[in-house]
Amino acid sequence: MPYSDQSFSNLYDLVVCMTRAVDLISPQVSNHHQQVAYLAYSIADAIRLPMEQKRTLVLAALLHDIGAIALHDRLDFIEDETSTVNDHAFIGARLFSGFPILKDVAAVIRFHHVSWDGGKGRFYKGEEVPLLSHILHLSDRIAVQVNRDENIISQMRPITENIKSRRNTSFVPEAVDAFLRICDKEALWLDFIYQPMVSDVPNDLSLEAIKLTLDEVVDLTQIFSRIIDFRSPFTAMHSAGVAAAALKLAELSGLSEDECKMMSIAGNLHDIGKLAIPREILEKQDKLEPLEYDIIRSHSFYTYRLLKPISGFETITQWASYHHEKLNGRGYPFHLKANRLSLGSRIMAVADIFTAITEDRPYRRGMPKEQAVAVLGRMVENGGISPAIFSLLVEHYASVSKIRRASAEKAISQYGKILSL
């Protein structure tokens, strides 16, 4: 059954997947996006905002610090608002503004660090700042004041007093007043610390009801691939190259149109688990130490765990997560053998290796055709990758390579535009 013109997955599952991936980068701020979303919803509900605005606000809260991945792994800046605090907000807004469903969300993210400043914060450089951005700003600043090592109820009063003292200076009075109407409820703070999954809050948001077609999932996961790759100039084009090569090999293998789109999605997300890997390991030019290699080998497991909960992603999860498995069972992390590896998984494995060895990195040039074919050929001889997919790649090497290069060049161009501040 074709998927393209009907529902394939839902937006909330994909957004939560991305926020959980960000948690892997900085465990010290784990659940920050969910916590901010919970507070933002609670404040918006106290103001009695319409459902559509609350939905937009919650989605913006779940994605509000995504732009930081390209700037600062540890997200230390969330503890204080520095002169450059808007940089990650602008980057996040650029990332999502091109996706129609998230256009309003992007506008909220763009201004979520603009101070109210006695009303001057209604505008930023001539542009109107949405009320939702000010609510998100307040929610974010409440969240970062919480000390996870202290009892949350004991922190209620000092945090509240701090927020009250900044009414009309840092924060819009309407949002502060709404917060003050609900801040005496211990349950609010206990829910904040306990697992603040916004989908569990009994409300009218119906986040899971925002359905996406297969084409929309392709477009959104392409944005996610930029987030994954933009973390480092060393990988600024890798996912784009893998997705393009895998798509071409899927077409050459006779997969259906919808299966080819699913292959693009898998390529876009295959390295999402690398967000759990320290940047210094990803960018190391020398041979990895045994411990560092052990850490690297965990990334495809994280890809599996991040993608598995997404509705409609059963096949995509396998294709994306098994890209380091080998037909002889000597791959990782599941050590699956040929009888457990589908055609899609075999295509992804070849596309990933081909892209990795032929793409240029800041510290080395990609391999020329003869060398790349020799490397892949040895992997076939050792029982690692599919002989059929290898033969298909060799037969159509020029076209696959051209598509991979074009995709990589486009990704690099986008990298520069999105990071220009």
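Our structure's up above, just so we're on the same page.
Below is a short write-up of the structure. These numbers were taken from a predicted model, which means no experiment stands behind them. (Residues numbered from 1 in each chain as written. Predicted model: local features only at pLDDT ≥ 70, side-chain atom pairs only at ≥ 80, totals over all residues. Heavy atoms only, no water.)

### Quick look at the overall build of the protein
Link 1 in the chain: Helix and strand counts for the protein come out as 20 helices and four strands.
Link 2 in the chain: Taking 2.2 N^0.38 as the reference for a compact globule, 421 residues should give roughly 22 Å; the C-alpha atoms of the protein span a radius of gyration of 23 Å, in line with that estimate.
Link 3 in the chain: By principal-axis analysis of the C-alpha atoms, the protein measures approximately 70 × 50 × 40 Å.
Link 4 in the chain: Looking at the protein as a whole, 56% of its 421 residues are labelled buried.
Link 5 in the chain: Intrachain contacts of the protein at a sequence separation of at least 6 include 73% that bridge at least 24 residues.
Link 6 in the chain: Of the roughly 18,300 Å² of accessible surface on the protein, a fraction of 50% belongs to carbon and sulfur atoms.
Link 7 in the chain: Distance between charge centroids for the protein: 3 Å, based on 46 positive and 52 negative side chains. (Helix = DSSP H or I, 4+ residues; strand = E, 2+ residues; numbered from the N terminus. Rg over C-alpha atoms; globule rule 2.2 N^0.38 Å. Buried < 20%, exposed > 50% of the residue type's maximum accessible area, 1.4 Å probe, protein only. Contact = heavy atoms within 4.5 Å. Areas by Shrake-Rupley, 256 points an atom, 1.4 Å probe, with all protein chains shown as cover. Lys, Arg positive; Asp, Glu negative; His and termini not counted. Charge placed at Lys NZ, Arg CZ, Asp CG, Glu CD.)

### Let's talk about helix H8 (residues 173-182)
Link 1 in the chain: For H8, the set of buried residues is Pro173, Ala175, Val176, Ala178, Phe179 and Ile182.
Link 2 in the chain: Contacts from the buried residues of H8 go to helix H2 (32-47), helix H6 (131-143), helix H7 (152-165) and helix H9 (186-193).

### A look at helix H19 (residues 387-395)
Each turn of an α-helix holds 3.6 residues, which means side chains three or four residues apart point in the same direction.
Link 1 in the chain: Buried within H19 are the following residues: Ile389, Phe390, Leu392 and Leu393. Projected onto a plane normal to the axis of H19, the buried residues spread over an arc of 160° and lie on a single side. Away from its buried face, by an angle of more than 90 degrees, H19 presents the exposed residues Ala388 and Glu395.
Link 2 in the chain: Those residues of H19 hidden inside the fold are in contact with helix H11 (238-252), helix H17 (343-358), helix H18 (369-381) and helix H20 (397-419).
Link 3 in the chain: A distance of 3.3 Å separates the backbone nitrogen of Ala388 from a side-chain oxygen at the start of H19, and that oxygen is part of Ser386. (Arc of directions from axis to C-beta. Polar contact = N/O pair within 3.5 Å; in protein donor to acceptor, adjacent residues only side chain to side chain.)

### What about the nonpolar core?
Link 1 in the chain: One finds Ile43, Phe96 and Trp189 to be the most contacted residues of the largest nonpolar core, which totals 117 residues.
Link 2 in the chain: Not counting residues up to four positions away in its chain, the partners in contact with Ile43 are Ile135, Leu138, Ser139, Ile142, Ala175, Ala178, Phe179 and Ile182. (Core = buried A, V, L, I, M, F, W, Y, C linked by side-chain atoms within 4.5 Å.)

### Let's talk about the pattern of salt bridges
Link 1 in the chain: If you walk through the whole model with that rule in mind, you get twelve salt bridges.
Link 2 in the chain: As a salt-bridge pair, Asp215 and Lys261 come within 2.7 Å of each other at their nearest N and O atoms. Of this pair, Asp215 sits in helix H10 (residues 214-229) while Lys261 sits in helix H12 (residues 257-269); the two residues are 46 residues apart in sequence, bridging distant segments of the chain.
Link 3 in the chain: The shortest N-O distance in the salt bridge between Lys261 and Glu257 comes to 3.6 Å. (Salt bridge = Lys/Arg side-chain N within 4 Å of Asp/Glu carboxyl O.)

### Side note on the environment of Leu59
Link 1 in the chain: As for its position among the elements, Leu59 is in helix H3 (residues 51-63).
Link 2 in the chain: Between the C-alpha atom of Leu59 and that of Val105, which follows or precedes it by 46 residues, the distance is 6.6 Å.
Link 3 in the chain: The contacts of Leu59, once residues within four sequence positions are left out, are Leu11, Val15, Val105, Leu207 and Ile210.

### Looking at the side chain of Asn268
Link 1 in the chain: Counting through the fold element by element, Asn268 comes out in helix H12.
Link 2 in the chain: At a separation of 3.1 Å, a polar atom in the side chain of Asn268 contacts the side chain of Thr221.
Link 3 in the chain: Ignoring sequence-local partners within four residues, the contact set of Asn268 consists of Val218, Thr221, Gln222, Ser225, Ile228, Ser239 and Ala243.

### What to know about the packing of aromatic side chains
The geometry of an aromatic ring pair comes down to the distance between the two centres and the angle between the two planes.
Link 1 in the chain: Per the stated rule, a full pass over the model turns up nine aromatic pairs.
Link 2 in the chain: Measuring from ring centre to ring centre gives 6.1 Å for Phe8 and Phe313, while their planes differ by 50°; the resulting arrangement is tilted. Taken together, the residues Phe8 in strand S1 (residues 7-10) and Phe313 in the loop between helix H15 (299-307) and helix H16 (314-321) connect sequence positions 305 residues apart. Of the two residues, Phe8 and Phe313, both sit in the buried class.
Link 3 in the chain: Sitting over the face of the ring of Phe90, Arg110 holds its NZ or CZ atom 4.5 Å from the ring centroid. (Phe/Tyr/Trp six-rings, centres within 6.5 Å; stacked < 30°, edge-to-face > 60°. Lys NZ or Arg CZ within 6 Å of the ring centre and 35° of its normal.)

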